[in-house]
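# Residue-level structural notes
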Number of protein chains: 2
Amino acid sequence: MNYQYWHRKVEIMPRPELEVFQLERLQALVDYALRTSFYAPKLRAAGIKGSDDIKSLDDLKRIPFTTKHDLREGFPYGFLSIPKEEVIRLHASSGTTGAPTTIYFNRDDITRWTGYVARSIYGTGCNHTDVFQNMISYGLFTGGMGFHAGGEEIGMLVIPSGSGNTTRQVRLMQDFGTTVVHATPSFLLHVESIMRAEGVSRDSIKLKRAFAGAEPYSEDTRRRIEELLQIDVYNSYGLSEMNGPGVAFECQCKNGLHLWEDGYIAEIINPDTLEPVPDGETGELVMTILCRETTPILRYRTRDLTGFYTEPCPCGRTHRRLRRITGRSDDMLIVNGVNIFPSQIEEVIMAMKDVGNNYLIEIEKDGVMDKLTVKTEIGPDIFMDDSRPLNALKERIRKTIQASITINPRVELHESGSLPVSEGKAKRVYDKRPR
Amino acid sequence: MNYQYWHRKVEIMPRPELEVFQLERLQALVDYALRTSFYAPKLRAAGIKGSDDIKSLDDLKRIPFTTKHDLREGFPYGFLSIPKEEVIRLHASSGTTGAPTTIYFNRDDITRWTGYVARSIYGTGCNHTDVFQNMISYGLFTGGMGFHAGGEEIGMLVIPSGSGNTTRQVRLMQDFGTTVVHATPSFLLHVESIMRAEGVSRDSIKLKRAFAGAEPYSEDTRRRIEELLQIDVYNSYGLSEMNGPGVAFECQCKNGLHLWEDGYIAEIINPDTLEPVPDGETGELVMTILCRETTPILRYRTRDLTGFYTEPCPCGRTHRRLRRITGRSDDMLIVNGVNIFPSQIEEVIMAMKDVGNNYLIEIEKDGVMDKLTVKTEIGPDIFMDDSRPLNALKERIRKTIQASITINPRVELHESGSLPVSEGKAKRVYDKRPR
């Protein structure tokens with residue numbers, strides 16, 4: 001395969017050089033952090049009074065972790081390092097797990113951010129001849145404008161179609177020969193369902209690639225989207241606290257997400273002991289952003305569970321690869337005392353051919369016990385009026401989920417297209433137990 | 001007053017020089033137009049084979065008009081002057097009056113467009129210390145990203161809040177000390193209603209200015225917004241065929257919209273005879289865009305009815321001022337044989353203190369006759385349970401509308417906040433007559 005690099009020098013930079021680069025940026029960042037009301041006392045308490053006190057990357061560990069709670073406490077200006085007048089934009093998180101947090105940018109921050117997104121997109125094999133339909137929300141959410149700017153930077157024709165309006169999205173793809181899209185994985189599956197329902201043939205669209213992100217999804221979901229739409233799906237990882245998209249992205253090898261280590265320092269910790277886990281093991285991702293002056297955030301506990309691949313990537317990039325993020329530690333459900341992740345159920349469902357593109361998980365109290373119900377759509381070629389094969393399918397789903405999570409779920413089958421569809425991030429879990 | 005200019009030299013350029021500038025750009029534009037499949041045959045038929053054939057601005061008149069219908073016929077690439085690979089963005093009109101039309105941009109087009117928006121915003125007295133909340137739809141619609149880029153160009157803190165979610169908008173204004181907003185006039189009125197309904201005090205927001213556009217509105221609506229919110233409202237005019245926002249904008253004098261004549265050539269014609277109207281008279285605005293290479297559009301019939309003020313503006317800008325656009329020729333309603341514009345009814349309603357911020361116009365068949373119903377909300381301080389003053393108000397509205405449009409309407413009063421609110425462009429007219 002011919003690999004292409006947008007920022008060649010830095011993407012294949014030998015790691016010792018990359019670490020020197022990280023150290024220089026970290027030193028600069030600490031100076032910015034010292035100007036914020038949140039970090040100034042914390043850094044001074046840790047004996048860090050200026051960039052001189054950061055002599056190696058190890059000194060990062062002297063700085064305490066920052067949590068989502070800290071960000072909220074610091075609202076609105078506790079993390080701002082420059083005069084408000086020099087800020088040109090703010091973005092706010094979608095508040096997946098609570099109240100929104102706000103990030104400020106100056107012009108240089110935006111330019112750097114755009115560079116990381118451009119590098120990510122280009123690394124999947126796209127170039128200026130591509131037509132890129134950005135099917136994600138524009139505005140306060142970082143996904144829309146972040147991907148948009150990266151696409152324009154490469155010189156692709158960007159269609160700012162935004163989220164929702166599936167029929168129009170398909171129409172735009174046909175009209176303008178869209179070759180690449182960005183969307184949540186659940187929306188990609190929904191687009192495929194709508195195409196099938198409306199009789200839109202695969203030949204009428206020129207789609208080759210999709211970037212899927214903004215919600216965790218399983219390898220089986222990726223495979224399903226790839227097979228149904230006959231495209232390559234690349235995994236994208238970002239979070240608004242770290243700018244948004246452009247944090248980590250799969251290259252053409254599609255085996256893990258290169259985390260751009262010239263822009264970010266990543267640590268993987270045990271969320272209970274807060275100690276680093278051994279190389280390659282799974283833990284909570286902790287991130288420090290090196291590429292933003294205006295809102296420095298150091299050692300941010302993302303709650304996302306992942307780990308690094310230890311072997312090098314065939315593409316030649318030296319930036320380490322994150323494993324697919326299967327969930328946030330916040331996503332973990334405790335059902336009758338057993339820890340389960342929604343992603344475990346998704347894996348089972350998406351690997352089954354007869355099951356449709358949409359599913360929901362419901363948990364209720366049934367006396368003293370928890371009752372777990374999994375609602376899935378059946379495939380579009382199966383009919384609800386023949387109960388025998390349906391009962392067999394139901395039983396197969398039930399058994400496979402039970403084998404995976406040890407809990408025996410109730411399984412409900414629904415007609416294709418009948419479960420509610422969310423146009424942004426999918427809401428899959430309805431925990432109806434009293435708190 | 002101290003006037004400030006973003007592009008000083010060109011904003012106060014003496015008209016003879018401005019016209020030389022226009023001629024040069026028109027010549028370049030004709031070369032681009034000759035590369036499009038739509039204009040090439042039309043220009044050649046008019047004897048225009050290259051920029052050399054445009055010797056004066058008068059030669060523009062040799063080129064036939066372009067209509068919305070032509071744009072649709074030319075879909076998707078009939079108006080594209082450069083290879084598709086060089087395009088970096090497309091925007092599509094909201095389809096106010098039919099199927100959407102598509103405009104393509106290269107990087108230079110976007111840079112120039114941003115400059116016109118920045119110039120427009122700066123001319124109202126804003127600067128980099130302002131906090132600008134852009135309460136309009138982002139994505140395919142040009143209003144969101146166009147204003148966003150202009151605001152960032154000036155260095156304001158831009159909050160890309162997008163359309164809708166009024167309560168959150170008010171919250172954002174409070175949290176970040178928003179000093180200027182962009183919205184449709186109907187949404188601004190809605191924001192004020194919500195603030196009042198939720199008991200948000202004027203002192204809790206720092207708002208000073210609003211840019212109102214994307215739908216026609218009357219001077220009385222402007223005054224009502226200004227009084228209720230205690231801000232200055234500046235009128236903005238743009239249309240997606242001419243890039244979007246940044247075509248014409250009010251300066252601090254608030255007496256007409258400076259049309260940026262280094263970027264556009266405007267003509268005012270009689271829509272029936274297609275001949276130019278005498279200086280200062282009202283007619284249909286016809287526009288030629290000089291500041292975009294990728295999608296040249298020449299002599300576009302906007303259907304918007306307006307005219308130029310003839311006296312110079314105290315601000316010193318030499319670019320002529322358009323009068324407030326009170327409606328499109330397409331908006332004209334024929335009711336029992338009488339031509340009326342919805343703006344005539346709006347003027348009456350918005351000038352009355354006891355009337356609320358929202359209204360609708362409904363036309364039905366009643367036998368052979370048309371029946372016009374005007375539904376308005378009453379002011380929030382008036383109560384529905386006392387019928388005597390309400391009947392008097394109803395009668396007053398009926399009489400004033402009749403005096404303005406000669407037709408006797410049915411008037412319905414509704415409780416404050418009870419009529420449907422649209423979050424983008426307001427839908428005011430429901431013509432229920434069979435076609």
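Refer to the preceding data block for the structure.
### Quick notes on the overall build of chain A
Within chain A one finds 11 helices and 19 strands. For chain A, the C-alpha radius of gyration of 22 Å lies close to 22 Å, the compact-globule estimate for 435 residues. In terms of overall dimensions, chain A has a C-alpha envelope of 75 × 55 × 40 Å along the principal axes. Here chain A, with 435 residues, has 58% of them falling under the buried criterion. Of the roughly 17,300 Å² of accessible surface on chain A, 50% is carried by carbon and sulfur atoms. In chain A, the 55 positive side-chain charges and the 59 negative ones have mean positions that sit 1 Å from each other.

### Points about the packing of aromatic side chains
Taken as a whole, this structure holds 28 aromatic pairs over all chains when the rule is applied. The interplanar angle of 80° and the centroid separation of 6.4 Å between the aromatic rings of Phe176(A) and Tyr104(B) together place this pair among those described as edge-to-face. Taken together, the residues Phe176(A) in helix H7 (residues 166-176) and Tyr104(B) in strand S2 (residues 102-105) connect one chain to another. Counting every residue linked through ring pairs, the aromatic cluster contains Phe75(A), Tyr77(A), Tyr104(A) and Phe176(B). Arg119(A) extends its terminal NZ or CZ atom over the ring of Trp260(A), reaching a point 4.8 Å from the ring centre. The ring centre of Tyr430(B) lies 4.5 Å from the NZ or CZ of Lys427(B), which sits over that ring.

### Topic: the pattern of salt bridges
All names here are of chain B. The final tally for this structure, using the stated rule, is 63 salt bridges over all chains. The shortest N-O distance in the salt bridge between Lys 254 and Asp 232 comes to 2.6 Å. Here the residue Lys 254 occupies a position in the loop between strand S8 (244-250) and strand S9 (257-259), and Asp 232 occupies one in strand S7 (residues 232-239), the gap between them amounting to 22 residues. For Asp 232, a relative accessible area of 32% gives the class partly exposed. With a closest N to O distance of 2.7 Å, Asp 354 and Arg 396 form a salt bridge. Here the residue Asp 354 occupies a position in the loop between helix H10 (342-350) and strand S16 (355-366), and Arg 396 occupies one in helix H11 (residues 387-405), the gap between them amounting to 42 residues. Exposure remark for Arg 396: the relative accessible area of 40% places this residue in the partly exposed category.

### Topic: the relation of the copies chain B and chain A
Two chain copies, one operation linking them: a rotation about an axis together with a shift along it. In the superposition of chain B on chain A (RMSD 0.0 Å, axial shift 0.0 Å), the rotation amounts to 180°. Each copy turns onto its partner about a two-fold axis. Relative to the rotation axis, the closest C-alpha in chain B is found at Tyr138(B), a distance of 2.9 Å. Residue by residue, 100% of the interface of chain B is reproduced at the interface of chain A, so both copies engage with the same surface.

### Regarding the pairing of strand S2 (residues 102-105) of chain A
Residue and element names in this part refer to chain A. Burial along S2 is two-sided: Thr 102 and Tyr 104 facing one way and Ile 103 and Phe 105 facing the other are all buried. Here strand S1 (residues 89-92) runs beside S2; their pairing, made up of 4 bridges, is antiparallel. Looking across to S2, one finds that His 91 is bridged to Ile 103.

### Remarks on the sheet that holds strand S10 (residues 264-269) of chain B
All names here are of chain B. Read from one edge of the open sheet, 3 strands run S10-S11-S12, paired in antiparallel fashion. The sheet is open, and its two edges are formed by S10 and strand S12 (300-306), each paired on a single side. Between one strand and the next, the sheet's axes are offset by a mean angle of 30°, whatever the strand orientation. Summarising the sheet, strand S11 (residues 283-289) and S12 pair through 4 bridges and their orientation is antiparallel. In the strand pairing of S12, Glu 284 is matched with Leu 305.

### Considering the interface of chain B and chain A
Contacts between the two partners involve 38 residues from chain B and, on the opposite side, 38 residues from chain A. Where chain B abuts chain A, roughly 3,000 Å² becomes buried across the two surfaces, and 62% of that area is made up of carbon and sulfur atoms. One can count 2 salt bridges joining chain B with chain A. The shortest N-O distance in the salt bridge between Arg89(A) and Glu152(B) comes to 2.5 Å. Counting across the interface, chain B meets chain A through 14 residue pairs in polar contact (both at pLDDT 80 or more). A class-by-class count of the residues in the side of chain B that touches chain A yields 21 nonpolar, 9 polar and 8 charged.

Procedures and definitions
Residues numbered from 1 in each chain as written. Chains lettered and ligands numbered in written order. Predicted model: local features only at pLDDT ≥ 70, side-chain atom pairs only at ≥ 80, totals over all residues. Heavy atoms only, no water. Helix = DSSP H or I, 4+ residues; strand = E, 2+ residues; numbered from the N terminus. Rg over C-alpha atoms; globule rule 2.2 N^0.38 Å. Buried < 20%, exposed > 50% of the residue type's maximum accessible area, 1.4 Å probe, protein only. Areas by Shrake-Rupley, 256 points an atom, 1.4 Å probe, with all protein chains shown as cover. Lys, Arg positive; Asp, Glu negative; His and termini not counted. Charge placed at Lys NZ, Arg CZ, Asp CG, Glu CD. Phe/Tyr/Trp six-rings, centres within 6.5 Å; stacked < 30°, edge-to-face > 60°. Lys NZ or Arg CZ within 6 Å of the ring centre and 35° of its normal. Salt bridge = Lys/Arg side-chain N within 4 Å of Asp/Glu carboxyl O. Least-squares fit on C-alpha atoms with pLDDT ≥ 70 in both. Contact = heavy atoms within 4.5 Å. Pairing = 2+ DSSP bridges. Axes fitted to C-alpha atoms, helices over the stretch in contact; angles between N-to-C directions. Buried area = accessible area lost by both parts, 1.4 Å probe. Polar contact = N/O pair within 3.5 Å; in protein donor to acceptor, adjacent residues only side chain to side chain. Nonpolar A, V, L, I, M, F, W, Y, C, P; charged D, E, K, R; others polar.

These values are about where atoms sit, not about what they do.
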